[in-house]
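Observations on the model geometry
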Amino acid sequence: MRLVAIIVVLLGLAAGCAPVVNPATGELQYTSMTPTEEARVGREEHPRVMAQFGGAYADRALQTYVARIGNKLVAVSELADLDFTFTVLDSEIVNAFALPGGYVYVTRGLLALADDEAELAGVLAHEIGHVTARHTAQRYDRAQLGNLGAGVATILGGILLGDVGAQLGQQVGGLGAAAYVQAYSREQEFEADQLGVRYLSRAGYDPQAMASFLDKLRAKDELVRAGRRERSGVPSFLASHPRAADRVARAAREAGGGTGRVGRDAYLAAIDGLVYGSSPAQGFVRGRTFEHPELRVRFTAPEGFELLNTPARVIGRDRSGRLLLFDMGKAPRGADLAAYLQRDWLREQRVRDLEHLDVAGNPAAFASGVVTVNGRTAPALFGVVRGGGDAVWRFVLVNPRGLGADDLSLLLATMRSVENLSAAEAARLKPERIVIVTVAPGDTIDSLAARMNVKDRPRETFMLLNGLNGRPLRPGEKVKLVR
Ligand SMILES: [Zn+2]
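Just so we're clear, the structure is a prediction, and the values are computed from it rather than from any experiment.

**Regarding the packing of helix α2 (residues 60-75) against helix α4 (residues 117-132)**
At a minimum axis separation of 9 Å, α2 and α4 run at an interaxial angle of 55°. Classified by the angle their axes make, α2 and α4 are oblique. Helix-helix and strand crossings are classified by hand; for α2 and α4 the assignment is right-handed. In this structure, α2 contributes Y65, V66, I69, G70, K72, L73 and V74 to the contact, and α4 contributes E117, L120, A121, L124, A125 and I128. Residues of the contact of α2 with α4, tallied by class, amount to ten nonpolar, one polar and two charged.

Shown next, in the form of structure tokens:
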């Protein structure tokens, strides 16, 4: 969850289908967008993508490093004159994508996984390929034809909160940019691979890096599937890039496959200290507890709930299908919370049992009503608790099978667990980071994995992060640890 206003941009597109020469392939293509319109769409959608995918990662040096590699690749592309914008997103999900007009995004989750500069360059080159081949523009046309809606529906795993406060609904609506991370066609992927390999070798990078990184993505996918599921709702890079590594390898061979720059040391130095997993700007899910050092809040969900942190809210589910939603609103200090709940949050939607209460010394209020889940109306309880400053912590407990007495006690227990963190407590909440160390003689995969701050499968995670599947450790080489 992040303290970011989700900006919903409505785009009125002037339709009209003049053929446009594809700068990368020379073909004539039909898309309703001219390059000028592409630039405008990219500019307008950029803030929306930033809000949806966690914003820019706050590390100027790393942003500059990635942009420098990206611009080196752009310089050898067919759109060398186009001003590209490269952004490292503050998201742990492994992903990369592009918008029309030259906006290319890569997540810090992807940076943690890549092992050298050539692998990162391969991802950037591929995304640049989607822009130069005008796939982003073509897909944007398709998105206008209805895919946007589909993207919205899948994001929250099918939860659509109809009228539950326009704010909640609007935030869900803001996720429409997901259309951009939906799959391209196989032909477009192959074309982006070929262009990517072309830019890689022209820029002097090892073109084989694209294939090696694809292997890593596959391994990561398997690890995630074997362990706890990464249920972000947002398609992962692999899901949106269903390519076969062998096809990429073939493209690399066809490109002449010279051995170019790999840049492992430079890359590892650039990502030393990179935040791994959740960041303080988004808050941390630890078991059933959610802690947000910047919003200064902590709460614990009832037994049996599994929490998922998304940019807009924290979502909990239990086995019986109950949902618990948590987010933040604002009301001036001293404002009546029952009035806030009814008027500001739920926008006059009919509620029952509206009551004031006091939880652990904090003013609070709750009410019952209905929400729409997967197109069906479900009964729900709404609770608000006064936070620090003008913050109001908001909970929704949904039980599609009907509300019982225990639902109210679950909601109240959750509200009672809310703590406003002191500055000192907040300062103690630190993210995990990638730390680069040199392998000493006698170090083993197990001894290094034991130094990782990872509870779930540390050995497999260590091997994955360092591309060690099928190759031994070498003393003197640098490796990534999570600390
Ligand atoms: Zn792609």
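Don't stop here, the text continues.
**Topic: the pairing of strand β10 (residues 306-309)**
Pairing of β10 with strand β11 (residues 314-317) involves four bridges; the strand directions are antiparallel. Looking at β11, one finds that L307 is bridged to G316.

**Overview of α4**
Think of an α-helix as 3.6 residues a turn; residues three or four steps apart then line up on the same face. Here α4 spans 22 Å end to end across 16 residues, near enough to the 22 Å set by a 1.5 Å rise per residue. The buried count for α4 comes to 16 of 16 residues, which makes it a mostly enclosed element. The opening residue of α4, the one whose side-chain oxygen lies 3.1 Å from the backbone nitrogen of A118, is D116. Directly beyond the C-terminal end of α4, a positive phi value near 65° is found at R134.

**Quick word on the pairing of strand β12 (residues 323-330)**
Taken across its eight residues, β12 has seven buried, putting it largely inside the fold. Here β11 runs beside β12; their pairing, made up of four bridges, is antiparallel. Looking across to β12, one finds that I315 is bridged to L325. Following β11, the chain reverses through five residues before pairing antiparallel with β12; G321 in that reversal takes a positive phi of roughly 100°. Sheet analysis places β12 next to strand β16 (residues 391-398), joined by eight bridges and oriented antiparallel. Each bridged residue has a counterpart across the sheet, and for F326 the counterpart in β16 is F395.

**Section: the sheet that holds strand β19 (residues 478-482)**
The sheet built from three strands is open, its strands ordered β6-β18-β19 with antiparallel pairing. Among the strands making up the open sheet, the edge pair consists of β6 (275-276) and β19. Bridging between strand β18 (residues 432-438) and β19 involves five bridges; their strand directions are antiparallel. The residue bridging V435 from the neighbouring strand is L481, located in β19. Against the sheet, helix α11 (residues 264-271) touches β18 and β19, its axis set at about 25° to β19. Of the strands in this sheet, β6, β18 and β19 touch helix α16 (residues 458-465), which is tilted by about 140° from β19.

**Side note on the environment of E92**
Tracing the chain through its elements places E92 in the loop between β3 (85-89) and β4 (96-99). Along the primary structure E92 and L110 are separated by 18 residues, whereas in three dimensions their C-alpha atoms are 7.7 Å apart. Not counting chain neighbours up to four residues away, the residues in contact with E92 comprise R108, G109, G277 and S278. In this structure the side chain of E92 is engaged in a polar contact, spanning 3.2 Å, whose partner is the side chain of S278.

Conventions we followed
- Residues numbered from 1 in each chain as written.
- Predicted model: local features only at pLDDT ≥ 70, side-chain atom pairs only at ≥ 80, totals over all residues.
- Heavy atoms only, no water.
- Axes fitted to C-alpha atoms, helices over the stretch in contact; angles between N-to-C directions.
- Helix = DSSP H or I, 4+ residues; strand = E, 2+ residues; numbered from the N terminus.
- Parallel < 35°, antiparallel > 145°, perpendicular 65-115°, else oblique.
- Left-handed = near helix turned anticlockwise from the far one by under 90°.
- Contact = heavy atoms within 4.5 Å.
- Nonpolar A, V, L, I, M, F, W, Y, C, P; charged D, E, K, R; others polar.
- Pairing = 2+ DSSP bridges.
- Expected span 1.5 Å × (residues − 1).
- Buried < 20%, exposed > 50% of the residue type's maximum accessible area, 1.4 Å probe, protein only.
- Polar contact = N/O pair within 3.5 Å; in protein donor to acceptor, adjacent residues only side chain to side chain.

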